[in-house]
Amino acid sequence: MHPTPKSAAKPPTVTRLRDLWPDIRELVEARKGILGAGLVLILIGRAAGLVLPWSTKIMIDDVLGKSRADMLGPLALAVLVATIIQAATDFSLTQLLSKSGQALIADMRRKVQSHVGRLPVTYFDTHQTGTLVNRIMSDVEGIRNLVGTGLVQLLGSVLTAVLALGILLYINWQLTLVTLVVLAAFGGAMGYAFN
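Residues numbered from 1 in each chain as written. Predicted model: local features only at pLDDT ≥ 70, side-chain atom pairs only at ≥ 80, totals over all residues. Heavy atoms only, no water.

Some thoughts on the packing of helix H2 (residues 32-49) against helix H8 (residues 149-171)
Describing two packed helices takes the angle between their axes plus the distance from one axis to the other.
Thought 1: Two numbers describe how H2 lies on H8: the axes approach to 9 Å, and their chain directions differ by 40°. Here H2 is positioned oblique relative to H8, judged by the angle of their axes. Where H2 crosses over H8, the two elements pack in a sense that is right-handed. Here Leu35, Gly38, Leu39, Ile42, Leu43 and Arg46 of H2 lie close against H8, whose contacting residues are Leu151, Val152, Gln153, Leu155, Gly156, Ser157, Leu159 and Thr160.
Thought 2: Classifying every residue of the contact of H2 with H8 by side-chain character gives eight nonpolar, five polar and one charged. (Axes fitted to C-alpha atoms, helices over the stretch in contact; angles between N-to-C directions. Helix = DSSP H or I, 4+ residues; strand = E, 2+ residues; numbered from the N terminus. Parallel < 35°, antiparallel > 145°, perpendicular 65-115°, else oblique. Left-handed = near helix turned anticlockwise from the far one by under 90°. Contact = heavy atoms within 4.5 Å. Nonpolar A, V, L, I, M, F, W, Y, C, P; charged D, E, K, R; others polar.)

Listed below in C-alpha cells is the structure:
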C-alpha cells in the first residue's frame, strides 16, 4: 500500500464549501428576486394547505358535534378556495422556478463548455472523456437545486415546520415535547446505526 501525497487527498467538505461560497452567493444574488417571489408563493401555498386540517376540526367539532349544518356550505367553500389557491401557487412556483432553473443550467453549461474548450491538450490526455462529459452535463444539474426549487422548497419546509411546531406547542406543549424527545432519540439511533 503506497501512501498518497497530500496534494492528491481531497480537501474536507467545509474547506470546499468555503471555497465555493463566493460563487454560490453570486448565483443566489443574481436571482434573489425570483427566489423571493418563489418564497412568497410557497408561504401562500403552505398557508392555504393548513385550511384542510382546520376544516376537519370544524367539521367534527361544530358541524357533526353541535349539529351546525349551516356551517357546511361556508366550510366547503373555504376548502374549495384554499385548494384552488394552493394549486395556483404550486403551478406558478413550478413555472417561475423551473424556467429560471433551465435558463441557469443553459448558461452554466455554456460557461463550462467554454472553459473546457480553452483547456490545454494535456488536460484531455490525462482525464477520461466520460468525466468531462459528466462535468459539463450532470454536475450543472445540481446547481438548479441550489438556486431553484430546492432552496425555496427547503426554506418553505423549514417555515412550515416551525409554524406547525408553534401550533402544536400551543395546543399541548407537554405532548409535543414528549414527541420531540422520541423523534430526537429515534433520529440519533438511526444516525448512529448508519455510521
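After presenting the structure, the write-up continues.
Looking at the confidence of the model for the protein chain
Thought 1: On average, the protein chain scores 80 in pLDDT, and the residues at 70 or more come to 86%.
Thought 2: Predicted confidence in the protein chain is weakest over helix H7 (residues 141-147), with a mean pLDDT of 67, and strongest over helix H9 (residues 173-194), with 92.
Thought 3: The low-confidence segment residues 1-8, where pLDDT is below 50, has zero contacts with residues more than four positions distant or belonging to other chains. (pLDDT = per-residue confidence, 0-100.)

Some remarks on H2
Thought 1: For H2, spanning 18 residues, the distance from its first C-alpha to its last is 25 Å, which sits close to the expected 26 Å at 1.5 Å a residue.
Thought 2: Residues Leu35, Gly38, Leu41, Ile42, Gly45 and Ala48 constitute the buried set of H2. Taken end-on, H2 shows its buried residues confined to a sector of 140°, consistent with a single buried face. The outward face of H2, more than 90 degrees from its buried face, is lined by the exposed residues Lys32 and Gly33. (Expected span 1.5 Å × (residues − 1). Buried < 20%, exposed > 50% of the residue type's maximum accessible area, 1.4 Å probe, protein only. Arc of directions from axis to C-beta.)

Topic: the layout of surface pockets
Thought 1: There is about 170 Å³ of room inside the second largest pocket.
Thought 2: Lining the second largest pocket, in full, are Leu50, Pro53, Trp54, Lys57, Ile167, Tyr170 and Ile171.
Thought 3: Breaking the lining of the second largest pocket down by element, the ones donating at least two residues are helix H3 (51-64) and H8.
Thought 4: A breakdown of the residues in the lining of the second largest pocket according to their chemical character gives six nonpolar, no polar and one charged. (1 Å grid on protein atoms, 1.4 Å probe; cavity = no way out; pocket = protein on both sides within 12 Å on 5 of 7 lines; lining within 4 Å. Points joined across faces, edges and corners; volume = space filled by probe spheres on them.)

With respect to the nonpolar core
Thought 1: By size, the foremost hydrophobic cluster in this structure holds six residues: Leu35, Leu41, Ile42, Leu93, Leu97 and Val152.
Thought 2: Taken together, the elements giving at least two residues each to this core come down to H2 and helix H4 (72-117).
Thought 3: Examining the composition of this core, we find that three residues originate from one element, H2, more than from any other. (Core = buried A, V, L, I, M, F, W, Y, C linked by side-chain atoms within 4.5 Å.)

Focus: unusual backbone geometry
Thought 1: A positive phi angle is found at Ser67, which is not glycine, with a value near 55°.
Thought 2: Looking at where Ser67 falls in the secondary structure, it is placed in the loop between H3 and H4.

Observations concerning the pattern of salt bridges
Thought 1: Taken as a whole, this structure holds three salt bridges when the rule is applied.
Thought 2: For Asp70, the salt bridge identified is with Arg68, shortest N-O distance 3.4 Å.
Thought 3: The class of Arg68 is partly exposed, set by a relative accessible area of 37%. (Salt bridge = Lys/Arg side-chain N within 4 Å of Asp/Glu carboxyl O.)

Thoughts on a nonpolar patch on the surface
Thought 1: Nonpolar side chains collect at one region of the surface, where Val40, Ile44, Leu77, Leu80, Val81, Ile84 and Ile85 lie side by side and expose about 610 Å² of accessible area between them.
Thought 2: Where the nonpolar patch is concerned, the elements lending two or more residues are H2 and H4.
Thought 3: The greatest single-element share of the nonpolar patch, amounting to five residues, is contributed by H4.
Thought 4: Among the secondary structure elements, Val81 is positioned in helix H4.
Thought 5: By relative accessible area, Val81 is classed as partly exposed at 40%. (Patch = residues over 30% accessible without salt bridge, like charges linked within 9 Å, V, L, I, M, F, W, Y side chains within 5 Å. Areas by Shrake-Rupley, 256 points an atom, 1.4 Å probe, with all protein chains shown as cover.)

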